[in-house]
Amino acid sequence: MIKTYFKTAWRYLLNNKTTTLISIAGLAVGICCFLLLTTYLLNELRYDRFYPNADRIVRVGNNYKTINDNQETNSAVTPTAVVPVFKRQIAGIEDGVRIYNYSGYKPVTVQYKDDLFNEKKVLLADDSFFKIFGFKFLAGNAASALSTPGSLVLTASTAKKYFGNDNPVGKILKVNQTNNMMVTGVIEDVPAYSQIKFDMLGSYSMLDRSKVLKWDSGNDYSYFLLKPGAAATSVQQKMNLYLTDVLKSQQKPGRHAWFTLEKLTDVHLHSSLSNGLEPSGNIKYIYILSFVAVILLVLACINFLNLVTARAAERAHEIGVRKVMGAQRKQLFIQFITEAGLITLASLLIGLALAYLAFPAFSNFAGSQLGLSTWRFTWLAPLLSGLFITVTLLTGAYPALYLSAFKPVTNMKGHGSSKNGNLRKGLVVLQFVVSVFFIICTLIVGHQLRYIQSMDTGINRSQVLVMDIGGMPFNKIETFKNAISTQPGIKSTTASYDSPVQIKGGYTITQAEGKSPDYSLSITGIPVERGFVNTLGIKLLQGSDYTPADEKQVMTDTFANRKYSFIINETAARALGWKPEQAIGKRIGVNGRIGKVKAVTRDFNFASLHKSITPVVLFAEYDWFSKLLIKTSAGNLQNTLTGIKQTWKSFYPNTPFEAHFLDQEFDEMYQNEQRTGGILNIFTAVTVFISCLGLFGLAIFTTKQRFKEVSIRKVLGASVSNIVALVSSDFLKLVFTAIIIASPLAWYAMNRWLQDFAYRITLSWWIFVLSAVLTVLLAFITVSYQTLRAALINPVKGLRSE
């Protein structure tokens with residue numbers, strides 16, 4: 001019996017190749033996209049869940065606000081005292097670890113024999129690191145791997161890069177040309193779905209500050225392993241009670257500081273704190289892509305459902321004859337479900353093959369290494385089985401119930417499908433509602449990203465080359481600058497503590513002229529060299545830029561003897577209650593630095609455009625710079641870069657040359673948006689393809705059903721254009737209905753999305769009009785071939801049977 005069902009279903013599918021191919025094509029593409037997206041989503045959702053104690057690990061967030069601040073400051077970096085003190089004082093904490101991003105300000109130069117590399121993923125951590133995170137050791141002892149200041153643990157791929165197949169344990173690597181560090185262990189490569197990524201892990205004890213417990217100046221990422229059964233909220237409350245007691249005598253009235261604890265498994269997608277160890281994801285984009293994955297699969301199922309019900313009239317005679325011959329409804333139901341199952345199985349296999357072929361390109365696009373290997377077999381097998389059953393039921397259940405319910409007498413008269421027209425129309429409208437929605441969203445996302453890239457942020461990022469020089473003495477920086485300044489193509493040079501598009505320094509104005517003694521204002525501060533304002537094209541509203549005289553006043557070794565001059569932005573002046581012209585010459589203090597305001601700049605964006613501009617203070621200070629900024633001219637850029645590289649090699653032959661442009665750094669802050677926008681572009685095109693494929697299939701059957709009507713109209717004098725317009729209008733009415741429904745939905749959704757940006761576009765009418773025009777044009781092109789073909793056919797053929 002089962003064999004008969006399969007043979008009959010197979011014969012029917014072969015005899016109706018057009019329906020079969022359209023159904024399989026739509027379903028296969030839908031399943032392929034579903035697999036690609038769910039694999040990406042799985043990779044994002046499994047972040048940090050592989051650690052043995054993942055459910056007990058928390059990250060510490062550092063927060064503070066003064067009475068004069070408009071908003072609180074939140075950070076993921078914490079002071080040195082947090083881990084050692086709270087490990088002793090809080091009963092619910094089993095262990096803790098401090099992690100410092102050693103390569104955060106510049107790549108770490110590592111040398112072994114004649115091999116020299118710039119390493120960009122080097123962390124330092126307390127010796128408790130491996131107890132908390134539980135990485136698997138391939139060589140060495142986890143308990144003692146970080147016990148001494150010169151210890152260094154490598155990942156397997158890094159060990160192979162330096163030592164080949166030799167045992168690396170006990171071998172010495174020269175780090176930053178001064179530190180000899182011994183390899184004490186080798187671990188498996190850090191999984192891509194870990195927020196803590198590194199190629200080398202050294203001992204935190206090599207830092208001088210590791211021995212000093214301070215409650216200010218946060219630089220470390222702090223993690224705790226809670227005891228079994230300990231509640232994070234209770235531990236957090238005890239930490240803050242202790243902190244309040246400790247800081248009573250240390251901070252001014254009106255300043256409030258507190259810590260928060262975040263679950264490790266929540267950090268990647270749910271945390272609002274910046275993570276210097278790994279770019280964070282965003283749970284909102286997970287929801288968006290989950291919706292896209294499901295809707296693509298549903299649209300593909302709708303295609304098949306529409307095509308099957310559209311052929312109901314043709315199958316009415318077949319069903320009537322079968323019922324007259326004694327076929328039961330149950331047997332017909334099984335027959336139609338078998339047909340759906342065969343199409344689903346073929347689509348699933350083709351979709352799986354397409355996904356396998358698409359994974360390499362999709363991985364590059366998504367910024368993650370994805371593939372079928374991302375799935376465990378115990379997850380993939382149930383997914384594919386569930387997909388087969390779900391799609392078969394979605395595409396086969398209604399047609400099977402509907403067709404098997406036809407009455408023999410009605411069927412033999414050819415009226416079996418008169419009731420399903422509205423359903424088909426509704427499903428077509430649903431498909432195009434989704435298509436129009438995605439088209440509008442894609443256009444708006446692209447418009448917002450272009451706005452971000454072209455917006456005047458107050459800084460001229462164009463042609464600014466950035467070199468990471470963290471820790472280089474200023475006299476060496478100055479010598480190098482003098483050497484390259486005479487080269488053609490270089491306009492100006494300067495240095496700064498942070499990147500000008502990602503200034504992270506948290507400072508406080510602790511005194512200001514005309515303010516009370518307990519005045520306190522949280523600001524973002526950055527030590528800069530003379531020429532910073534000019535090189536970046538920052539506009540001065542009042543005052544003047546730094547001069548050699550200002551530079552000389554802060555070049556003394558004794559901190560107390562320095563005479564500072566400050567350049568503040570207009571937001572800082574406003575927060576201090578001054579107009580730009582009033583601020584000049586006013587005396588302020590910034591974390592112990594006392595001086596006068598020399599200039600006020602126009603506001604400039606120094607962080608992501610998701611955030612509003614906050615008070616900024618620039619001050620000339622030459623103790624430590626991490627970035628060298630070189631303004632180049634537009635002509636013959638390659639020669640300019642070659643000249644800089646050659647000069648660098650002549651000065652520092654043992655340090656590889658690396659540089660990037662400031663524009664690249666700015667764009668990297670919007671990776672999540674660019675990635676999601678790109679994925680939306682691809683799958684919007686797929687959505688439109690699936691919708692148009694279904695429309696094309698329906699056009700074939702509709703024109704076939706109306707063949708006699710078209711023939712009669714032609715005999716009565718209707719022109720080709722009249723007939724094309726008549727038949728196409730039925731479909732275009734559905735498309736217009738979809739546009740009316742989708743437009744307000746897309747407006748609402750994208751208006752919500754844009755709220756995440758402090759600086760955003762307005763939703764212009766032309767975006768919705770353009771989306772409507774594109775959709776109507778695509779729909780018309782899709783159906784016009786069949787309608788034109790029907791209009792051009794000889795009417796005698798259509799009327800021959802009458």
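In short, a report on the structure. Owing to the predicted nature of the structure, the values given are computational and were not obtained by experimental measurement. (Residues numbered from 1 in each chain as written. Predicted model: local features only at pLDDT ≥ 70, side-chain atom pairs only at ≥ 80, totals over all residues. Heavy atoms only, no water.)

**Some remarks on the overall build of the protein**
Within the protein one finds 25 helices and 24 strands. For the protein, buried positions account for 53% of its 802 residues. Pairs at least 24 apart in sequence give 81% of the contacts found in the protein among residues at least 6 apart. (Helix = DSSP H or I, 4+ residues; strand = E, 2+ residues; numbered from the N terminus. Buried < 20%, exposed > 50% of the residue type's maximum accessible area, 1.4 Å probe, protein only. Contact = heavy atoms within 4.5 Å.)

**A closer look at unusual backbone geometry**
You will see that asparagine 176, though not glycine, has its phi angle at about 50 degrees, which is positive. In the Ramachandran plot, asparagine 591 falls in the positive-phi region, its phi being about 50 degrees despite a non-glycine side chain. Tracing the backbone shows asparagine 591 in the loop between strand S20 (587–590) and strand S21 (593–601).

**Re the side chain of serine 347**
The residue serine 347 is located in helix H10 (residues 329–366) in this model. One polar contact links the side chain of serine 347 to the main-chain carbonyl oxygen of isoleucine 343, over a distance of 2.7 Å. When near neighbours in sequence (up to four residues on either side) are disregarded, serine 347 contacts Ser23, Ile24, Leu27, Ala28 and Ile31. (Polar contact = N/O pair within 3.5 Å; in protein donor to acceptor, adjacent residues only side chain to side chain.)

**Remarks on the pairing of strand S22 (residues 616–620)**
Of all five residues in S22, five are buried, a share of seventy percent or more. Residue alternation in S22 divides its side chains into two sets, Val616, Leu618 and Ala620 and Val617 and Phe619, and both sets are buried. Pairing of strand S17 (residues 521–528) with S22, which is carried by five bridges, proceeds in the parallel orientation. Paired with glycine 525 across the bridge in S22 is valine 617. (Pairing = 2+ DSSP bridges.)

**Side note on the layout of surface pockets**
Of the pockets and cavities examined, the second largest pocket occupies roughly 500 Å³. Split into classes, the residues belonging to the lining of the second largest pocket amount to 16 nonpolar, two polar and four charged. (1 Å grid on protein atoms, 1.4 Å probe; cavity = no way out; pocket = protein on both sides within 12 Å on 5 of 7 lines; lining within 4 Å. Points joined across faces, edges and corners; volume = space filled by probe spheres on them. Nonpolar A, V, L, I, M, F, W, Y, C, P; charged D, E, K, R; others polar.)

**Re the pairing of S20**
In terms of strand pairing, strand S16 (residues 506–512) meets S20 through three bridges, oriented antiparallel. Bridging from a neighbouring strand, alanine 512 pairs with isoleucine 588 of S20. With four bridges joining them, S20 and S21 adopt antiparallel strand pairing. The residue bridging glycine 589 from the neighbouring strand is isoleucine 594, located in S21. Linkage of S20 to S21, two consecutive antiparallel strands, is achieved through a turn of two residues, within which asparagine 591 is found at a positive phi near 50 degrees.

**Notes on the packing of aromatic side chains**
All told, the structure shown has 39 aromatic pairs when counted by the stated rule. Its guanidinium or amino end placed over the ring of phenylalanine 666, arginine 461 lies 3.7 Å from that ring's centre, counting from NZ or CZ. Over the ring of tryptophan 578 we find lysine 586; its NZ or CZ atom is 5.7 Å from the centre of that ring. (Phe/Tyr/Trp six-rings, centres within 6.5 Å; stacked < 30°, edge-to-face > 60°. Lys NZ or Arg CZ within 6 Å of the ring centre and 35° of its normal.)

**Describing the pattern of salt bridges**
Two side chains carrying opposite charge are able to pair once their charged atoms lie near each other. What the rule picks out here adds up to 21 salt bridges. Between arginine 59 and glutamate 262 there is a salt bridge, and its shortest N-O distance comes to 3.0 Å. Here arginine 59 is found in strand S1 (residues 57–66), whereas its partner glutamate 262 is found in strand S13 (residues 255–263), with 203 residues between them in sequence. Judged by its relative accessible area of 0%, arginine 59 falls in the buried class. (Salt bridge = Lys/Arg side-chain N within 4 Å of Asp/Glu carboxyl O.)

**Overview of empty space enclosed by the protein**
With the rule as written, the count across this model stands at four cavities of 30 Å³ or more. As a volume, the second largest cavity reaches approximately 110 Å³. Along the wall of the second largest cavity there are 13 residues; nearest its centre are Asn118, Asp468, Trp648, Thr655 and Pro656. Within the lining of the second largest cavity, the residues separate by chemical class into seven nonpolar, three polar and three charged.

**What about the state of the cysteines?**
Per the counting criterion, the structure on display carries zero disulfides. Free cysteine cysteine 32: the closest other cysteine sulfur is in cysteine 33, separated by 5.1 Å. Owing to a relative accessible area of 9%, cysteine 32 belongs among the buried residues under this scheme. (Disulfide = S-S within 2.5 Å.)

**Considerations on the nonpolar core**
By size, the foremost hydrophobic cluster in this structure holds 157 residues, and its most contacted members are Met467, Ile509, Ile568, Leu618 and Phe683. The biggest single contributor to this core is helix H8 (residues 283–310), with 16 residues. In contact with methionine 467, other than residues within four places in its own chain, are Phe480, Ser626, Lys627, Leu628, Ile630, Ile644, Trp648, Phe657, Glu658 and Ala659. Among the nonpolar cores identified, the runner-up in size contains 27 residues, and Val97, Phe129, Leu225 and Leu264 belong to it. (Core = buried A, V, L, I, M, F, W, Y, C linked by side-chain atoms within 4.5 Å.)

**Digging into helix H14 (residues 474–485)**
Helix length check: H14 (12 residues) gives 16 Å between terminal C-alpha atoms against 16 Å at 1.5 Å per residue, within 8%. Listing the buried residues of H14 in full gives Phe474, Ile477, Phe480, Lys481 and Ile484. For H14, the angular spread of buried residues about the axis comes to 120 degrees, placing them on one side. Those residues of H14 that are buried lie in contact with strand S14 (464–468), strand S15 (490–496), strand S23 (627–632) and helix H19 (637–651). (Expected span 1.5 Å × (residues − 1). Arc of directions from axis to C-beta.)

**Re the packing of H14 against H19**
H19 packs onto H14 with a crossing angle of 140 degrees between their chain directions and a minimal axis gap of 10 Å. As H14 packs across H19, the resulting crossing turns out to be right-handed. Of the residues in H19, those in contact with Thr479, Phe480, Ala483 and Ile484 of H14 are Ile644, Thr647, Trp648 and Phe651. Broken down by class, the residue content of the contact of H14 with H19 amounts to six nonpolar, two polar and no charged. (Axes fitted to C-alpha atoms, helices over the stretch in contact; angles between N-to-C directions. Left-handed = near helix turned anticlockwise from the far one by under 90°.)

**What to know about the environment of valine 308**
In this fold, valine 308 is placed in helix H8. C-alpha of valine 308 to C-alpha of tyrosine 398: the two residues are 90 residues apart in sequence and 9.8 Å apart in space.

**Examining the environment of threonine 762**
When you line up the elements, threonine 762 lands in the loop between helix H23 (720–754) and helix H24 (765–792). With 314 residues separating them along the chain, threonine 762 and glutamine 448 place their C-alpha atoms 9.1 Å apart.

**Some thoughts on the environment of lysine 227**
Counting through the fold element by element, lysine 227 comes out in the loop between strand S12 (221–226) and helix H6 (232–247). When its relative accessible area of 38% is taken as the criterion, lysine 227 is described as partly exposed. Ignoring any residue separated from it by four or fewer positions in sequence, one finds lysine 227 in contact with Arg56, Ala91, Gly92, Ile93 and Glu94. Here the side chain of lysine 227 touches alanine 91 through a polar contact of 3.0 Å, landing on its backbone oxygen.

Any functional reading would require information that these geometric values do not contain.
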